[in-house]
Amino acid sequence: MDDGTQALRRSDLDPDPLRQFERWFEDARAVVRAPEAMALATASAGGAPSVRMVLLKRFDETGLVFHTHFTSRKGRELETNPRAALLFSWDPLGRQVRVEGTAARVSTGESDAYFASRPRGAQIGAHASEQSAVVAGRDELEQRVDQLERQLEGAVVPRPGWWGGYRVVPETWEFWQHRDSRLHDRFRYRRAGGAWLIERLAP
């Protein structure tokens, strides 16, 4: 059966899921406003799930990296339950990529280097906002930003100790291609010893 839409076949896939992701990520750059946007799912120690959008900052053979406040809800959950899931949705291409694995903080040096590359306003914001905490109103945040801008005027903004990166180390990848028939193409890569096993999944 051929529904006339783009197909994803086993023969199309790279044996290495990272290279397959790189290929699809480059395709997405051409047509998706923010291909690096990804849903990050975490869970509390008791198993209560939560999900939010974050930005992928870099990826390589060691994993996929994003940055956040360690004291935020996601940070607290990852400290007690390091299991994480990621989802990229690239609708113009009819594609999704799912990643599941474990998350751990990146090195202090990595966090410092990325923080130093951020716009100054974002650096100040990382100090001013106690992410996920209740605030009385926006005025409280803006006043804190004003105070920090005066305090740090002319100085390099240091990375706050409560802010940094997490690296998700994949244990499984899934590549999903839309088909108009609703019989979408899904392939999962999972670790099998030292190699990746590729399996087709029912849609």
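Going by the structure above, here's the rest.
Everything in this summary refers to the structure shown in the same document. Owing to the predicted nature of the structure, the values given are computational and were not obtained by experimental measurement.

Cut-offs applied
Sequence order as written defines the numbering, with residues in each chain counted from 1. This being a predicted model, a pLDDT of at least 70 is required before a residue's local features are given, and a value of 80 or more before pairs of side-chain atoms are given or counted; all residues contribute to the totals for chains, interfaces and linings. Computation of side-chain values covers all heavy atoms of the structure but excludes hydrogens and water. For the exposure calls, accessible area comes from a 1.4 Å probe over protein chains only, and a residue counts as buried if that area is under 20% of its type's maximum, exposed if over 50%, partly exposed in between. Numbering of helices and strands runs from the N terminus, with a helix taken as a DSSP run of H or I at least four residues long and a strand as a DSSP run of E at least two residues long. Directions from the helix axis toward the C-beta atoms define the arc. Contact criterion: two residues are considered in contact whenever any of their non-hydrogen atoms come within 4.5 Å of each other. The term salt bridge refers to a side-chain nitrogen of Lys or Arg lying within 4 Å of a carboxyl oxygen of Asp or Glu.

**Description of helix α3 (residues 108–117)**
Side chains three or four residues apart in an α-helix point the same way, a direct result of the helix having 3.6 residues per turn.
And then number 1: For α3, the set of buried residues is Ser111, Tyr114 and Phe115. The buried residues of α3 all sit within an arc of 100° when viewed along its axis, so they share a single face. The outward face of α3, more than 90 degrees from its buried face, is lined by the exposed residues Ala116 and Ser117.
And then number 2: Check the buried side of α3 and you find it contacts β3 (58–60), β4 (63–69), α4 (120–128) and β7 (163–177).

**Considering the pattern of salt bridges**
For side chains of opposite charge, pairing can occur when their charged atoms come near one another.
And then number 1: Applying the stated criterion across every chain, the model contains 19 salt bridges.
And then number 2: A salt bridge links Asp27 to Arg95, with the nearest nitrogen and oxygen atoms 2.9 Å apart. Placement of Asp27 in helix α1 (residues 17–29) and of Arg95 in strand β6 (residues 95–105) is noted, with a sequence separation of 68 residues between them.
And then number 3: Looking at Asp27, the relative accessible area reads 33%, which means it is partly exposed.
And then number 4: Across the salt bridge formed by Arg83 and Glu171, the nearest N and O atoms sit 2.9 Å from each other.

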